[in-house]
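Working through the structure, step by step
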Amino acid sequence: MTQELIRQLQQEYSDELFEQLYRVYADKAIRTATAITRSSASAADVVQETFMRVYRNLNTFDLNKPFEPWFNRILVNECNRYLEKHSRLVPTELTDERVLPSQHDRYTFDEHGDIYDMVQRLEDQQRIPIILKYVNDYAEKDIAELLDLNVNTVKSRLYKARQKLQGWLRLNEGGEQDGS
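The paragraphs below set out a description of the structure included in this document. This structure is a prediction, so every number in the text was calculated from the model and none was measured. (Residues numbered from 1 in each chain as written. Predicted model: local features only at pLDDT ≥ 70, side-chain atom pairs only at ≥ 80, totals over all residues. Heavy atoms only, no water.)

Below, the discussion takes up the overall build of the protein. Across its full length, the protein carries 8 helices and 0 strands. Listed N to C, the secondary structure of the protein is α-α-α-α-α-α-α-α in terms of helices and strands. Burial analysis of the protein (180 residues in total) assigns 39% to the buried set. By sequence separation, contacts in the protein at least 24 residues apart represent 62% of the contacts at least 6 residues apart. Carbon and sulfur atoms form 46% of the exposed surface of the protein, whose accessible area is close to 11200 Å². (Helix = DSSP H or I, 4+ residues; strand = E, 2+ residues; numbered from the N terminus. Buried < 20%, exposed > 50% of the residue type's maximum accessible area, 1.4 Å probe, protein only. Contact = heavy atoms within 4.5 Å. Areas by Shrake-Rupley, 256 points an atom, 1.4 Å probe, with all protein chains shown as cover.)

Glancing now at helix H6 (residues 124–135). In an α-helix, one turn spans 3.6 residues; hence positions three or four apart end up facing the same way. Judged by how many residues are buried, H6 sits mostly within the fold: 9 of 12 residues are covered. For H6, the set of buried residues is Gln126, Arg127, Ile128, Pro129, Ile130, Ile131, Leu132, Lys133 and Val135.

This structure, assessed with the given rule, holds 12 aromatic pairs. Relative to Tyr55, the ring of Tyr13 lies with its centre 5.0 Å away and its plane at 75°, an arrangement referred to as edge-to-face. In this pair, Tyr13 sits in the loop between helix H1 (2–11) and helix H2 (15–37) while Tyr55 sits in helix H3 (residues 40–57), placing the two residues 42 residues apart along the sequence. Judged by relative accessible area, which is 45%, Tyr55 ranks as partly exposed. Relative to Phe71, the ring of Tyr25 lies with its centre 5.2 Å away and its plane at 35°, an arrangement referred to as tilted. (Phe/Tyr/Trp six-rings, centres within 6.5 Å; stacked < 30°, edge-to-face > 60°.)

Looking now at unusual backbone geometry. Backbone geometry places Asp137, a non-glycine residue, at a positive phi of 65°. For Asp137, a relative accessible area of 62% translates into the label exposed. Of note in this structure, Asp148 is not a glycine but carries a positive phi near 55°. For Asp148, the position within the fold is in the loop between helix H7 (140–147) and helix H8 (151–172). Of the residues examined, Asp148 reaches a relative accessible area of 61% and is grouped as exposed.

Read these as layout, nothing more, since geometry by itself doesn't imply function.
Here it is in structure tokens:
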């Protein structure tokens, strides 16, 4: 369905067709961007910029390849641009706003709030692969391609992140932390 939609958009642009494409990918994109940027407001900006880039570059998309990896690469690149740009900014006020993924998220982070909070505490190089693996259900190979990394690097980052998360969970349960 997506390939046909893109083929039609490449032949002749239509607001209605692009809106269909948006509806297919927007919720998952918002969920991913929220988890990566740690802010629903920022995620909305990132997703908007992602769709603008998709619109501008749709004619360069190769219809012989799947659309989703191409789209997700643009999304992750936009998230990284946002993080890089805003990492140099010093917050002027603190808020107690708790950032949660999209309302349409099929995951109930309220039930697993501690785990979600712990994932958000990870460094970006471990946090982003964890999100892609366990929130978006990507294979290590796909994560490696998306992040332009070696598969073994992705596996290592996932392993280290899981180790940290297990240690933090043991601490929360009153046990002792092993290693990290």
